[in-house]
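Here are the chains, one letter per residue:
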Amino acid sequence: MFWKRRKTYKDHDLSPEDVLIDAHNMPHFNEHQFEGRMAGRIPSRRGYALIALFALIALVFGGQLYSLQVLRGPALASQSAENHLDHHTLFTDRGIIYDRTGRELAWNTPQEDDFNHREYIDAAGFGHVLGYISYPKRDADGNYYDTSYAGVAGAEAAFNGALEGEQGVKIIERDAHMDVLSENTITDPVDGEDISLSIDAALQEAMHGYIRDIAERVGFVGGAGVIMNVNTGEILTLTNYPEYSPQVLVDGDDEEMIVSYQGGNTPFLNRATQGLYTPGSIVKPYVALGVLSEDIINPRDRIRSTGEIRVENPYEEGEYSVFKDWKAHGLVDLVDALAVSSNVYFYVVGGGHNGQEGLGISRLVRYFDAFDIGTPTGFILNESSGTIPSPAWKSDTFNGEPWRLGDTYHTAIGQYGFQVTPLQMTRAMSGIVHEGEMITPHLRAGEQERLRDVDVNIESEAYGWVKRGLRESVLRGTARGLNVPYINIAAKTGTAEVGNEREKV
């Protein structure tokens, strides 16, 4: 049997059923990801643009590579080497501080740190005169951002320029693994200068102990002591009670600092140079010099002290202001008045009374100023300025209050608004010893003395009368406790009253 093949045509018409069958059987493409789309040929212009872009990128990278490797290669290699060079500080040794006898007061001890630590004398009384230092400081990564030993107070700060020396520099070369390849010292450290203070350590310690014992026995909040060689200006002792410990501060022992200083009483106040106190009767010798220089009274003339003077109120008949003496001394002349410290005598010659002329406040201020009372001495440690009461001071302080006779009386015996430092009065006394020459105190042994003439004309005879009064104070007066057989001492005591409770200072 023969079969006849059906003839097919390429261009015959398709029935709708054929179309639907094909659509149902089509594969599922994600047209958003270009699936099932016919890939066409890239146009020539776009191809050339892409080729040019790739060529440009290759050219830029090639040029940069040529610059880094060829043109800038040596400089960058040197910079890379420098990045492995550490500059390391070689710490100097701070200068040693000695007393005038060669006893060590502050020195250095080796530690595991890069620098030596500071040690201070293990004795009381040296806190304010020596001061303390702060060590070099590191950041959180252990790098030094401050390489100096900084003197913070006392001699450590005052002589810091001499004591600190100069730090050295060492360069350490490391490889990429931070292993040390070589070390080279660029600058050698220069040790600080050793200095000798004018302080006598044994005397300083004894003075501090004496002041401490008295303060603790009678309930004083503190005290200070200064001894100066009036021929050279050297400070032999300068001590305070209470005080701080340089060792505790430099070691940074917070717990010990809290225990040591929680009692108060301002241990960080240098009372000798910065404490301001009412002087009381220690200003009477300068009133006496003014009285004699101005011919207010003959030194042999006597004034009766009954224990007080009364001044009648000019506006209220029968009313009096009463100014007390600490004792009824009877008839006293100038020498007696200094020896027994008679307030009545100095009320009368200072402000005048019952026909006896007084210096008056203007001349009182003039003689106090002449001996720099209330004025910083020029000492190397920080000092405070004091106050001499005057009409201008009172007006400024008390909203225009007028000056009265009683104010002059109180000023003449070192009361009222009078304020001085112990060091100021020590220097003022040198002006009496040298009869008009003031010596500037200093703290370094061997330093040259500096003298200044007082700016008022006072005869030597006047100084002689005052010196006699100060010597008699020790022989038979208020300073009899200083009368010792092995040395002749002249002195002036002073007991001031302050506050509403008339507390003694």
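Let us look at the structure shown here. (Residues numbered from 1 in each chain as written. Predicted model: local features only at pLDDT ≥ 70, side-chain atom pairs only at ≥ 80, totals over all residues. Heavy atoms only, no water.)

Concerning helix α13 (residues 360-370)
Then, number 1: Every buried residue of α13 is accounted for by Ile361, Leu364, Val365, Tyr367, Phe368 and Ala370.
Then, number 2: Residues of α13 that are buried sit in contact with α10 (284-293), α12 (343-351), α14 (391-397), α15 (405-412) and β19 (451-453).
Then, number 3: Immediately downstream of α13, the backbone of aspartate 372 shows phi near 55 degrees, a positive value. (Buried < 20%, exposed > 50% of the residue type's maximum accessible area, 1.4 Å probe, protein only. Helix = DSSP H or I, 4+ residues; strand = E, 2+ residues; numbered from the N terminus. Contact = heavy atoms within 4.5 Å.)

Quick look at the pattern of salt bridges
Then, number 1: Summed over all chains, the structure comprises 19 salt bridges.
Then, number 2: Measuring nitrogen to oxygen at the nearest pair gives 3.4 Å for the salt bridge that ties arginine 363 to glutamate 294. Of this pair, arginine 363 sits in helix α13 while glutamate 294 is found in the loop between α10 and β14 (303-305), placing the two residues 69 residues apart along the sequence.
Then, number 3: One salt bridge connects glutamate 401 with arginine 404, and the closest N-O pair in it is separated by 3.4 Å.
Then, number 4: One network of salt bridges, in which partners are shared, links Glu294, Glu357, Arg363 and Arg366. (Salt bridge = Lys/Arg side-chain N within 4 Å of Asp/Glu carboxyl O.)

Points about the nonpolar core
Then, number 1: Within the largest apolar cluster, 53 residues are counted, with the highest numbers of intra-cluster contacts made by Tyr286, Leu289, Tyr345, Phe346, Phe368, Phe371 and Ile373.
Then, number 2: In this structure phenylalanine 368 touches Val283, Tyr286, Val287, Ile373, Ile388, Thr411 and Phe418, once residues within four positions along its chain are discounted.
Then, number 3: Within the second largest apolar cluster, 35 residues are counted, among which are Phe91, Phe126, Ile133 and Leu423. (Core = buried A, V, L, I, M, F, W, Y, C linked by side-chain atoms within 4.5 Å.)

A short note on the sheet that holds strand β2 (residues 97-98)
Then, number 1: Taken in spatial order, the four strands line up as β4-β3-β2-β11 in an open sheet, and their pairing is mixed. Strands with a single pairing partner mark the edges of an open sheet, and in this sheet they are β4 (117-120) and β11 (195-196).
Then, number 2: In terms of strand pairing, strand β3 (residues 104-109) meets β4 through four bridges, oriented antiparallel. Residue pairing across strands places threonine 109 opposite histidine 117, the latter belonging to β4. (Pairing = 2+ DSSP bridges.)

Comments concerning a nonpolar patch on the surface
Then, number 1: Where nonpolar side chains cluster on the molecular surface, the patch consists of Leu50, Leu53, Phe54, Ile57 and Phe61 and spans about 540 Å² of accessible area.
Then, number 2: With respect to the helices and strands, phenylalanine 54 occurs in helix α2 (residues 44-71). (Patch = residues over 30% accessible without salt bridge, like charges linked within 9 Å, V, L, I, M, F, W, Y side chains within 5 Å. Areas by Shrake-Rupley, 256 points an atom, 1.4 Å probe, with all protein chains shown as cover.)

Focus on the packing of α10 against α12
Then, number 1: In the contact formed by α10 and α12, the axes pass within 11 Å of each other and the chain directions differ by 40 degrees. With respect to their mutual orientation, α10 and α12 come out oblique. Remark: the crossing between α10 and α12 carries left-handed chirality. Of α12, the residues touching α10 (which contributes Lys284, Val287, Ala288 and Val291) are Asn343, Phe346 and Val349.
Then, number 2: Here the contact of α10 with α12 is built from residues that sort into five nonpolar, one polar and one charged. (Axes fitted to C-alpha atoms, helices over the stretch in contact; angles between N-to-C directions. Parallel < 35°, antiparallel > 145°, perpendicular 65-115°, else oblique. Left-handed = near helix turned anticlockwise from the far one by under 90°. Nonpolar A, V, L, I, M, F, W, Y, C, P; charged D, E, K, R; others polar.)

Some details on the packing of aromatic side chains
Then, number 1: Applying the stated criterion across every chain yields a total of 17 aromatic pairs.
Then, number 2: An angle of 70 degrees between the planes, with centres 5.3 Å apart, marks the rings of tyrosine 345 and phenylalanine 346 as edge-to-face. No difference in accessibility class separates tyrosine 345 from phenylalanine 346, as the two residues are buried.
Then, number 3: The positively charged end of arginine 366 is found above the aromatic ring belonging to tyrosine 367, 5.6 Å away from the centroid.
Then, number 4: Its end group placed over the ring of phenylalanine 159, arginine 444 keeps NZ or CZ at 5.7 Å from the ring centre. (Phe/Tyr/Trp six-rings, centres within 6.5 Å; stacked < 30°, edge-to-face > 60°. Lys NZ or Arg CZ within 6 Å of the ring centre and 35° of its normal.)

Brief notes about helix α17 (residues 460-476)
Then, number 1: Spanning 17 residues, α17 covers 24 Å between terminal C-alpha atoms, matching the ideal 24 Å at 1.5 Å per step.
Then, number 2: Of all the positions in α17, only Ala462, Tyr463, Trp465, Val466, Gly469, Leu470, Ser473 and Val474 are classed as buried.
Then, number 3: Of the surrounding secondary structure, the elements contacted by the buried residues of α17 are α10, α11 (334-340) and α16 (422-433). (Expected span 1.5 Å × (residues − 1).)

A word on the packing of α12 against α15
Then, number 1: With their axes 8 Å apart at the nearest point, α12 and α15 run at an angle of 125 degrees to one another. As the angle between them shows, α12 and α15 are arranged oblique. Note on packing geometry: the crossing formed by α12 with α15 is right-handed. Contacts between α12 and α15 involve Phe346, Tyr347, Gly350 and Gly351 from the first element and Leu405, Thr408, Tyr409 and Ala412 from the second.
Then, number 2: Here the contact of α12 with α15 is built from residues that sort into five nonpolar, three polar and no charged.

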